[in-house]
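The primary structure of each chain is shown beneath.
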Amino acid sequence: TTEPLPSTPASSGTATRAEASDPSTAGIDLDWLNDKIRYRLFQDCVHCGLCTASCPTYVMTGDENDSPRGRIYLMRAVVDGRLTLSEDVRHHLELCLDCRACETACPSGVQYAKLIEPFHVAMHKDAPREHRPSWLQRLILEHLFPYGGRVKLALAPARLLQRIGVLDLVERAGLLNLLPSTLSKMARMLPARLESPGPRLPEVLPPIGPRRAKVALFLGCVADAMYPQTNAATARVLQANGCEVHIPRGQACCGAIHYHVGVDEPAMKLARDNLHALDPEVFDAIIVNSAGCGAMMKDYAHLFHGQPDQHKAERFSTKVKDVSEFLMKLGPVAPRHAVNKSVTYHDACHLCHGQQIRSQPRDLLAMIPGLKLVPLEESEICCGAAGTYNLTQPEMSERLGQRKMDHIEATGASMVVSGNVGCILQIARKCKERGGKIECGHPMDLLDRAYRGDGAEGA
């Protein structure tokens, strides 16, 4: 067990971090945090504990230090200079998935993400060597994943080996274990069938029928490289609903990968690229089909707080819409073709907690003729993907993935869908490990089939 949580003295509500002890005693750059976190955000927590039952790490460990309430205690104690950033403290904070389930449960409206995310960045800035990602992880997370073109090139050999059956043979023979652990995990996360990138989507796709909206489609980085067919399906669904779909060439990664591993400057640069390419004054909406990207882009206003781009970021954030959110507000055209499947839906954390979008994907799925939607127990508990968490915290990620898969199998559904690429990769890997009987995909994949009818009848 860990030491008890530090007590937090009563506050008048006017405390500031300027009252904290010397930054060098805290083991973290308090001056940097002073610019990123308003102290009042710590004080919003009334320590009621209603968040604990919704926290995946607390559910798994039962340790108060692994709960949102406990982590807020720890962060505030470090900021106040009452606690140093020790090995134990760092461990409990790094174990957080940043799934934001606590925000949904909190009756006081604590903005937990605005505490833990900058704190993670600050911890990584001057972290001891043993707490920094390896050179290989840094190469992958900072210089590969956020750049879709690079990911597509890196996947080319894997795609070839997959086509000729060598990759599956290598995995069955256990030879992936000979690779560095990070590469081994990545190889196992690959989709069962990597789709060829194919031709780039046109910059403008016309609406089907009268134009109802002019939208920009955000493609993402890993999402576009791993599942280009889902981006294409999303574009077709938007067209079928009367949208003129623009795909600006200057768009970049949303910045979440860099930001969540504590590299904030490249994240800001990528965000600025998107502010320029996806001009909020030009489009009725900026459409995102990956929950992690959408949550990050809706937070650009917070990211650019106090900077010259703040006003544009605020305007941008109001235009960012998850595709299911946008379609249900627009009024979706009813699909005509049947998709005869039993399907269960997993709530991606950054969709249901980060964006408070729950009913819209289910409502769209319910419109598909022939589709049976089966409830999933603990649908809102994280699957363990959490962006790059499955690489940086593999043990907890694995435990959560197994728990999620147990519930998915209990539904008896033939397919599980989710609105986030990280969840799809994580759950698909678990499905593969258990025999591959359950298909995994995105709601837009099914909706596209229901509009087009391609192979949908009797599927």
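Procedures and definitions
- Residues numbered from 1 in each chain as written.
- Predicted model: local features only at pLDDT ≥ 70, side-chain atom pairs only at ≥ 80, totals over all residues.
- Heavy atoms only, no water.
- Axes fitted to C-alpha atoms, helices over the stretch in contact; angles between N-to-C directions.
- Helix = DSSP H or I, 4+ residues; strand = E, 2+ residues; numbered from the N terminus.
- Parallel < 35°, antiparallel > 145°, perpendicular 65-115°, else oblique.
- Left-handed = near helix turned anticlockwise from the far one by under 90°.
- Contact = heavy atoms within 4.5 Å.
- Nonpolar A, V, L, I, M, F, W, Y, C, P; charged D, E, K, R; others polar.
- Patch = residues over 30% accessible without salt bridge, like charges linked within 9 Å, V, L, I, M, F, W, Y side chains within 5 Å.
- Areas by Shrake-Rupley, 256 points an atom, 1.4 Å probe, with all protein chains shown as cover.
- Salt bridge = Lys/Arg side-chain N within 4 Å of Asp/Glu carboxyl O.
- Buried < 20%, exposed > 50% of the residue type's maximum accessible area, 1.4 Å probe, protein only.
- Phe/Tyr/Trp six-rings, centres within 6.5 Å; stacked < 30°, edge-to-face > 60°.
- 1 Å grid on protein atoms, 1.4 Å probe; cavity = no way out; pocket = protein on both sides within 12 Å on 5 of 7 lines; lining within 4 Å.
- Points joined across faces, edges and corners; volume = space filled by probe spheres on them.
- Expected span 1.5 Å × (residues − 1).
- Bend = angle between axes of the 7 residues up to and from the residue.
- Pairing = 2+ DSSP bridges.
- Core = buried A, V, L, I, M, F, W, Y, C linked by side-chain atoms within 4.5 Å.

(A) Looking closely at the packing of helix α5 (residues 68-80) against helix α8 (residues 113-125). Contact geometry of α5 with α8 gives a least axis separation of 11 Å together with a crossing angle of 55°. Viewed along their axes, α5 and α8 adopt a mutual orientation that is oblique. Seen from above, α5 lies across α8 with left-handed handedness. Of the residues in α8, those touching α5 at Ile72, Met75, Val78 and Val79 are Leu115, Ile116 and Phe119. Looking at the contact of α5 with α8 residue by residue, the classes come out as 7 nonpolar, no polar and no charged.

(B) Expanded view of a nonpolar patch on the surface. On the surface, Leu160, Leu161 and Ile164 cluster together into a nonpolar patch covering about 290 Å² of accessible area. Relative to the helices and strands, Ile164 is located in the loop between α10 (148-163) and α11 (166-172). Overall, the relative accessible area of 57% leaves Ile164 in the exposed class.

(C) Structural view of the packing of α5 against helix α6 (residues 87-94). For the pair α5 and α6, the least separation of the axes is 10 Å and the interaxial angle reads 130°. The orientation of α5 with respect to α6, classified from their angle, is oblique. The chirality of how α5 crosses α6 is left-handed. Where α5 abuts α6, its residues Arg71, Leu74, Met75 and Val78 lie against Val89, His92 and Leu93.

(D) Quick look at the packing of aromatic side chains. Within this structure, the stated rule accounts for 3 aromatic pairs. Relative to Phe304, the ring of Tyr300 lies with its centre 6.2 Å away and its plane at 85°, an arrangement referred to as edge-to-face. Residues Tyr300 and Phe304 agree in their burial class; the two are buried. Taking 5.3 Å as the distance between ring centres and 20° as the angle between the ring planes, the aromatic pair formed by Tyr300 and Phe316 counts as stacked. Of the two residues, Tyr300 sits in helix α18 (residues 300-303) while Phe316 sits in helix α19 (residues 310-319), which places them 16 residues apart along the sequence. Given the relative accessible area of 0%, Tyr300 is considered buried.

(E) How the structure looks around the layout of surface pockets. When its volume is computed, the second largest pocket comes out at roughly 670 Å³. For the lining of the second largest pocket, the secondary-structure elements that each account for two or more residues are α12 (181-189), α13 (222-226), α14 (228-240), α25 (421-433), β9 (439-441) and α26 (443-452).

(F) Structural context of α10. The terminal C-alpha atoms of α10 lie 21 Å apart, and with 16 residues this matches the ideal 22 Å at 1.5 Å per residue to within 8%. Largest kink in α10: about 35°, centred on Ala156, with the proline Pro157 one to four residues after it. Those residues of α10 not exposed but buried are Gly148, Val151, Leu155, Ala158, Arg159 and Gln162. The inward-facing, buried residues of α10 contact α11 and α13. Count one or two residues on from α10 and you reach Gly165, which has phi positive near 85°.

(G) Structural context of unusual backbone geometry. Backbone geometry places His47, a non-glycine residue, at a positive phi of 65°. Given the relative accessible area of 26%, His47 is considered partly exposed. You will see that Asp98, though not glycine, has its phi angle at about 55°, which is positive. Within the fold, Asp98 resides in the loop between α6 and α7 (101-105). Look at Asp98 and you get buried, because its relative accessible area is 5%.

(H) Main features of the sheet that holds strand β2 (residues 213-217). The strand order β1-β3-β2-β4-β5 describes an open sheet built from 5 strands, whose pairing is mixed. A strand with exactly one partner marks an edge of an open sheet, and here the two such strands are β1 (204-205) and β5 (320-322). Note that strand β4 (residues 285-288) and β5 share 3 bridges and pair parallel. When the sheet's bridge partners are listed, Ile287 is paired in β5 with Lys321. Packing against the sheet, α19 makes contact with β4 and β5, and its axis sits at approximately 25° to β5. Strands β2, β3 (243-246), β4 and β5 of the sheet are contacted by helix α20 (residues 323-330), whose axis makes an angle of about 90° with β5.

(I) How the structure looks around the sheet that holds β9. Strand order across the open sheet formed by 4 strands is β7-β6-β8-β9, with parallel pairing between neighbours. The open sheet is flanked by β7 (372-374) and β9, the only strands paired with a single partner. Ignoring which end each strand starts from, the neighbouring axes of this sheet average 30° apart. As paired strands, strand β6 (residues 342-345) and strand β8 (residues 415-417) are joined by 3 bridges and run parallel to one another.

(J) Representation of α8. Over its 13 residues, α8 extends 18 Å from the first C-alpha to the last, a length consistent with the 18 Å expected when each residue adds 1.5 Å. Counting buried positions along α8 yields 10 of 13 residues, so the element is predominantly enclosed. Listed in full, the buried residues belonging to α8 are Ala113, Leu115, Ile116, Glu117, Pro118, Phe119, His120, Val121, Ala122 and Met123.

(K) Layout of the pattern of salt bridges. Under the definition given, this model contains 25 salt bridges. A salt bridge links Asp66 to Arg71, with the nearest nitrogen and oxygen atoms 3.8 Å apart. The exposure class assigned to Arg71 is buried, which follows from its relative accessible area of 1%. Here Asp347 ties to Arg362 by a salt bridge, and the two come within 2.6 Å at their closest N and O atoms. Of the two residues, Asp347 sits in the loop between β6 and α21 (349-352) while Arg362 sits in helix α22 (residues 359-366), which places them 15 residues apart along the sequence. The network of salt bridges with common partners includes Glu398, Arg429, Lys430 and Glu433.

(L) Region of the structure containing the nonpolar core. Counting residues in each nonpolar core, the largest one holds 53 residues, and the members touching the most others are Ile28, Leu33, Met75, Leu93, Phe119, Met297 and Tyr300. Leave out the neighbours within four places in its chain, and Met75 touches Phe42, Leu93, Tyr112, Leu115, Ile116 and Phe119. Counting residues in hydrophobic clusters, the runner-up holds 45 residues, among them Ala240, Ala348, Leu371 and Val416.

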